[in-house]
Amino acid sequence: MASRRRLTTLWESVSVLVGWSRRVRVTGWMYWWSRRWSCELCRSRKRLTRMVVIAMSDAVEDVEVGVEGMVGVYRHDVHKFRGRQHDSARGEFAGVAVNERVPLGADADASMLSRPRGNPEQSVDNHATPDRLSLVSGERAVDDPRLVANRRGDIEWLVTSSDPGVLHARWLTSEVAGAYNETVYYPYTSLQYHVLLAGALLDNYREGYDLEDLYLVATEPGEFRRDPVAAQSSDVVEVFRTVLWTPALALHVTGAPDGRPGVRLGERAVRSFGDVWARLPAYPFDVGGGRRWRVLDAQLRRIRAWSTALAYIRDFTAAYEPHDPPADARPSRGEGP
Amino acid sequence: MTHQRTRARRGVRAREHESSWATACTARRCEQGEHEQGGVVGVVVIQQVLFEVAAPYYGHPYFVTGHALFNAIARRADAAVRRELAVSHGVFVPKEFGEYPRGHSQSGYAGKLGGELPAVEAYEDLFVYRDPRQGWLQDGRPRDAHNTHDLQSHGGRLAFAPECFFGRPPETRNRKRSVSWYVHCYLHTGRGESDVLPVGESVLDGVRVGGARNYGFGELEVVDTQLVDLEELDYSRLEAGAASDEGRCQLELVSPYVLRSEFSGADEQSVPWWWKVDNDRVSGASAGGVLRRRETQLAVDGATHAVEVLDHGQIVGFDGGDVVGTAKNGVLRVGTHSKYGFGELRVRPPGGGRVPERGPAGERVNWRERRVDASGGEGL
């Protein structure tokens, strides 16, 4: 909230309230409120109304202050590392502006890909923390005490660079970001893939694509190494638009598929991963080549939330390595067609 | 077994014409012309069966194939059943709280679904459990965790657990709750009049499917079964959709459609002419076409036969005439190996997509305008 720090007067705090509601129109209670305060404090209703209107327009203009290029999208959810709400988040972290609004509604669309509309409910009643739960293990996705010890340093590493390409590569290959969920209400979602999806959507929106023009593109991963430098030099990874890079496959959200196998996301941002995945014209792996591929495929068709599904691919790949089956594995019999 | 019942909704109808529809009338253009209108003259009754998964399952991950279920049932039944019975693929369903999906004849909160068969009054009711995404699961619970299988590794072999446990907060009475898995399939006969249906629960109960059956894996227990007469269902939504000018109906491949099978005597198929494949939705299609293909195996008497299929879960447009006839035939399945569950189709009216929340394209605000109106979405 870049605008909040500059506020000093009562009238400007009114503008903050208006900015929170994010609607530029004078509603009934605001009129009632302006009457009440004008009587008690300044005795000038006209002046107050004018100031409220000015402050409101100011708040709207300030919405995207500080978001330059693509950097802001990789810094917009730092508050979620601590499980804080956006409205109570700090505006600055490690010397850079964080938690700003993402332009063009990319953040809203990315969140709708993974979470239901409306008021959230606590879906897992014994787990209300920022730690992501893994669908593969059922436990915390990353349970490494070293992560907790160096949390601040890790988060700084994820957000402080001023080069958006570097930020994208770091988020794409990060272990730390995968340990946190998108919201404490839905702990199986992944903050890492939410941010990457928001970045991919924003980059496409800035080029003029609308959501229904975008494709989910699935490719082989190329030469994989969990390292941002390797990601930046990889032929497969497309800056900002690659949302998943694992040793098994890579997924991209792009308006320009360039002949790679892809399928459209659909007209609206909804939790539809299984549906979109099942309609790909070709898979990046051979499901006939190993039963673990088929298990992964079958599970992905059952998952609706996008960030949950992307995190599932990553967890499954790490746990069962379908791309690298054990040498003594023999084809199962009795599995049928 | 505390929850066993059979609801006989309709007896088997008398039939005049014998139709070997399920095996003979395939995706070739029929001599009579309208393939999709082809005669479902005799076969109208299906028996829905819901099994509870009683042991870890180490079989086909997408579904329990109709072939596996058929073989498990056939070895306990007489020759008439083996000859006439056709078995659908069995779709995995978790037992959880849910609400009836859009298009269902009932609406609103449904209590716990998955553990019993809801009454079937309309065509859409047949498919409540047939879609692996299980759209009826409630959002207030961890629906993706409920709907994905808990994996057990047995010496590196990944089996599906029969139930999944979720922890409860310490202040509650129980420390954990379980979500158990069920398998939904349906049986019907393919030829003329028969008294094969309903297949008795004593035959169905305790069948084993998948791998490692000798070690106790893949055991299924019957919990619910009911007969449904396809002729008595309400097809009004389909008819209204076909009559409207909103676009064409859509066909969803609920189970794979066989193109080529090495099993002796099987016909080779092409993509049916009454499917309208939408090229605009995808990019980078392979040489085989826009529809994704897959090779699978059919194991018969110890030998495996390669089967090339169009993978399930894909959606094509419907370019034929008789929507209701096609809908019935889709339930009874089309193409090669339809006796074993392949070729199941669902017809959806225009605008009734697989993800109902999507809605029509026109409702969405252009992103250039959203610059002013962008509502956050980051509020959590």
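All values derive from a computational prediction rather than experimental measurement. (Residues numbered from 1 in each chain as written. Chains lettered and ligands numbered in written order. Predicted model: local features only at pLDDT ≥ 70, side-chain atom pairs only at ≥ 80, totals over all residues. Heavy atoms only, no water.)

Q: Whenever I open this one, the overall build of chain B confuses me. Can you help?
A: In terms of regular secondary structure, chain B is built from 8 helices and 19 strands. Considering chain B as a whole, with its 380 residues, one finds that 57% of them fall into the buried category. At a minimum sequence separation of 6, the contacts of chain B that also span at least 24 residues come to 73%. Carbon and sulfur atoms make up 43% of the accessible area of chain B, which amounts to about 15500 Å² in all. (Helix = DSSP H or I, 4+ residues; strand = E, 2+ residues; numbered from the N terminus. Buried < 20%, exposed > 50% of the residue type's maximum accessible area, 1.4 Å probe, protein only. Contact = heavy atoms within 4.5 Å. Areas by Shrake-Rupley, 256 points an atom, 1.4 Å probe, with all protein chains shown as cover.)

Q: Even after reading the chapter, I still don't get the pattern of salt bridges, so can you show me in this structure?
A: When the charged atoms of two side chains with opposite charge come close together, those side chains can pair. One pass over the full model with this rule turns up 28 salt bridges over all chains. One salt bridge in this structure joins A:D131 and A:R140, with 2.9 Å as the shortest N-O distance. A relative accessible area of 23% means that A:D131 is categorised as partly exposed. For B:D319, the salt bridge goes to B:R248, with nearest N and O atoms at 3.7 Å. Of the two residues, B:D319 sits in the loop between β18 (315-318) and α7 (323-332) while B:R248 sits in the loop between α6 (236-243) and β12 (250-253), which places them 71 residues apart along the sequence. Classification of B:D319 by relative accessible area gives partly exposed; the value is 38%. Linked by salt bridges that have partners in common, A:D297, A:R301, B:R292, B:R294 and B:D311 make up one network. (Salt bridge = Lys/Arg side-chain N within 4 Å of Asp/Glu carboxyl O.)

Q: Looking at this model, I keep getting lost on the nonpolar core. Mind explaining?
A: Residues A:L251, A:F273, B:F51 and B:L85 are the most contacted members of the largest nonpolar core, which totals 130 residues. Looking at which element gives the most residues to this core, the answer is helix α8 (residues 191-206) of chain A, with 10 residues. Not counting residues up to four positions away in its chain, the partners in contact with B:F51 are B:L69, B:Y182, B:V183, B:C185, B:L204, B:V207, B:L220, B:E221, B:V222 and B:V223. Of all hydrophobic cores here, the second largest spans 31 residues; its members include B:Y257, B:W274, B:L310 and B:V334. (Core = buried A, V, L, I, M, F, W, Y, C linked by side-chain atoms within 4.5 Å.)

Q: What is the right way to read the pairing of β18(B) from this model?
A: A regular strand carries its side chains on alternate faces of the sheet. Residues and elements named next belong to chain B. With 3 bridges connecting them, β12 and β18 associate as antiparallel partners. The partner of E252 across the bridge, within β18, is I315. The pairing of strand β14 (residues 275-276) with β18 spans 2 bridges and is classified as antiparallel. Paired with K276 across the bridge in β18 is G317. (Pairing = 2+ DSSP bridges.)

Q: For this particular structure, what's the right way to read the packing of aromatic side chains?
A: Here the distance between the centres and the angle between the planes together describe a pair of aromatic rings. Evaluated as defined, the whole model comprises 24 aromatic pairs over all chains. Judged by centre distance (6.1 Å) and plane angle (35°), the ring pair of B:Y57 and B:F160 falls under tilted. Of the two residues, B:Y57 is situated in the loop between β2 (45-53) and α2 (66-74) and B:F160 in strand β8 (residues 157-160); the sequence distance between them amounts to 103 residues. You can call B:Y57 buried: its relative accessible area is 3%. Residue B:F160 is classed as buried on the basis of its relative accessible area, which comes to 2%. Each residue in the set A:F273, A:W277, A:Y283, A:F285, A:W293 and A:W306 is aromatic and connected to the rest through ring pairs, giving one cluster. Across from the ring centre of B:F166, 4.7 Å away, lies the NZ or CZ of B:R177, which sits over that ring. (Phe/Tyr/Trp six-rings, centres within 6.5 Å; stacked < 30°, edge-to-face > 60°. Lys NZ or Arg CZ within 6 Å of the ring centre and 35° of its normal.)

Q: Whenever I open this one, the interface of chain B and chain A confuses me. Can you help?
A: One widely used convention gives an interface's size as the accessible area the parts lose upon coming together. At the interface, 76 residues of chain B touch 85 residues of chain A. In total, about 7100 Å² of surface goes out of reach between chain B and chain A, with carbon and sulfur atoms giving 49% of it. Summed over the shared surface of chain B and chain A, the number is 3 salt bridges. Across the pair B:D139 and A:R271 runs a salt bridge, and its minimum N-O distance is 2.9 Å. Of all the elements in the fold, those that place two or more residues in the side of chain B that touches chain A are β4 (91-94), α4 (143-147), β8, β9 (163-167), β15 (282-283), β16 (293-300) and α8 (367-373) of chain B. When residues of the side of chain B that touches chain A are assigned to their parent elements, the largest contribution, 5 residues, is made by α8(B). For the side of chain B that touches chain A, the residue count by class is 26 nonpolar, 27 polar and 23 charged. (Buried area = accessible area lost by both parts, 1.4 Å probe. Nonpolar A, V, L, I, M, F, W, Y, C, P; charged D, E, K, R; others polar.)

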